[in-house]
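# What the coordinates show
Residues per chain, in single letters:
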Amino acid sequence: MTKRGATLSTSDARRDVVVDAAIAEFARGGYHSTPISSVATKADISPAYVFKLFPSKVSLFVAALDRCYELVAHALSNGAARADGQDPEKILYEMGGAYAELIADRNLLMLQVHAQSAADTPEIADAVRRGLAKVTELARQRSGAPDDQVQRFIAYGQLCHLIATLDLDDHTGEWAAVLSAGIRHPGKN
């Protein structure tokens, strides 16, 4: 197994496994309700080894969130690359489609939602700000869109979270139709 061209040590490989397990477990239970023991069980290692790799629960959650935002940035870059031409709206549209495909993995979607609910923890708030900064700057640079279009792109992403977490596309009612009109979002898995 390699990472950025270098051979991974056992602890590096286990760190990746633990982060993947943390994404799944924190997405299910959130930061406050997920014990390290459930992450350890999912990763098939001991809780003590999790703490050897990550000195605290918050550092593990932040590592999971950082990985999530790396995946978001990668998806947005791929979306921008598949856009024809240099039209900022088209590029943002393709980036949005790539993001909608990514968060069809409800773990990534729910991890972000739970991170916002745990933003009273300074390290988590910092990680969310770092991630949003990365995503916003990527959208600005890759699309060349004016700031108001980039703001709308980010706002629609947050609305997509709301639509997907509440399954509003399956909810009858004019209000749900108003919120979800024209928004591409993942279907049920």
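Being a predicted model, the structure only gives us computed values, none of them experimental. (Residues numbered from 1 in each chain as written. Predicted model: local features only at pLDDT ≥ 70, side-chain atom pairs only at ≥ 80, totals over all residues. Heavy atoms only, no water.)

On to the pattern of salt bridges, then. Counting across every chain of the model gives eleven salt bridges. With a shortest N-O distance of 3.0 Å, Arg-82 and Glu-94 are connected by a salt bridge. Highlighted residues: Arg-82 in the loop between α4 (57-81) and α5 (88-102) and Glu-94 in helix α5, separated in sequence by twelve residues. Since its relative accessible area comes to 13%, Glu-94 is described here as buried. For the salt bridge of Asp-148 with Arg-152, the shortest nitrogen-to-oxygen distance reads 3.9 Å. Here Arg-152 and Asp-148 lie together in helix α8 (residues 147-165), a separation of four residues that amounts to about one turn. Taking relative accessible area as the criterion, Asp-148 reaches 44% and is therefore assigned partly exposed. Assessed through its relative accessible area of 37%, Arg-152 is described here as partly exposed. It is possible to trace a salt-bridge network through shared partners that takes in Arg-82, Lys-90, Glu-94 and Glu-101. (Salt bridge = Lys/Arg side-chain N within 4 Å of Asp/Glu carboxyl O. Helix = DSSP H or I, 4+ residues; strand = E, 2+ residues; numbered from the N terminus. Buried < 20%, exposed > 50% of the residue type's maximum accessible area, 1.4 Å probe, protein only.)

UniProt's feature table lists "domain: HTH tetR-type" (unreviewed entry) at residues 12-72, given in the numbering used throughout. The span residues 12-72 shows a helical share of 87% and a strand share of 0%, and its end C-alpha atoms are spaced 22 Å apart. (UniProt positions renumbered as here; feature names shortened; annotations may be inferred.)

To continue, consider helix α7 (residues 122-143). Taking 1.5 Å per residue, 22 residues should reach 32 Å; α7 reaches 31 Å between its end C-alpha atoms and fits that length. Turning to α7, its buried residues are Ile-124, Ala-125, Ala-127, Val-128, Gly-131, Val-135, Leu-138, Ala-139 and Ser-143. End-on view of α7: buried residues confined to an arc of 165 degrees, all on one side of the axis. Across from the buried face of α7, at angles greater than 90 degrees, the exposed residues are Pro-122, Arg-129 and Gln-141. Close packing links the buried residues of α7 with α1 (10-33), α4, α5, α6 (106-117) and α8. Positive phi shows up at Gly-144, right after α7, with a value of about 70 degrees. (Expected span 1.5 Å × (residues − 1). Arc of directions from axis to C-beta. Contact = heavy atoms within 4.5 Å.)

Nonpolar side chains collect at one region of the surface, where Leu-162, Leu-166, Trp-175 and Leu-179 lie side by side and expose about 370 Å² of accessible area between them. Turning to its location among the elements, Leu-162 is positioned in helix α8. (Patch = residues over 30% accessible without salt bridge, like charges linked within 9 Å, V, L, I, M, F, W, Y side chains within 5 Å. Areas by Shrake-Rupley, 256 points an atom, 1.4 Å probe, with all protein chains shown as cover.)

Following the UniProt record, the feature "DNA-binding region" (unreviewed entry) maps to residues 35-54 here. A helix fraction of 75% and a strand fraction of 0% characterise residues 35-54, whose end C-alpha atoms lie 14 Å from each other.

This part is about the packing of α1 against α4. Close contact between α1 and α4 brings their axes to 9 Å; oriented N to C, the two are set at 105 degrees. Taken together, the axes of α1 and α4 are roughly perpendicular relative to one another. Across the interface between the two elements, Asp-16, Val-18, Val-19, Asp-20, Ala-22, Ile-23, Phe-26, Tyr-31 and His-32 of α1 pack against Lys-57, Val-58, Leu-60, Phe-61, Ala-63, Ala-64 and Arg-67 of α4. Here the contact of α1 with α4 is built from residues that sort into eleven nonpolar, one polar and four charged. (Axes fitted to C-alpha atoms, helices over the stretch in contact; angles between N-to-C directions. Parallel < 35°, antiparallel > 145°, perpendicular 65-115°, else oblique. Nonpolar A, V, L, I, M, F, W, Y, C, P; charged D, E, K, R; others polar.)

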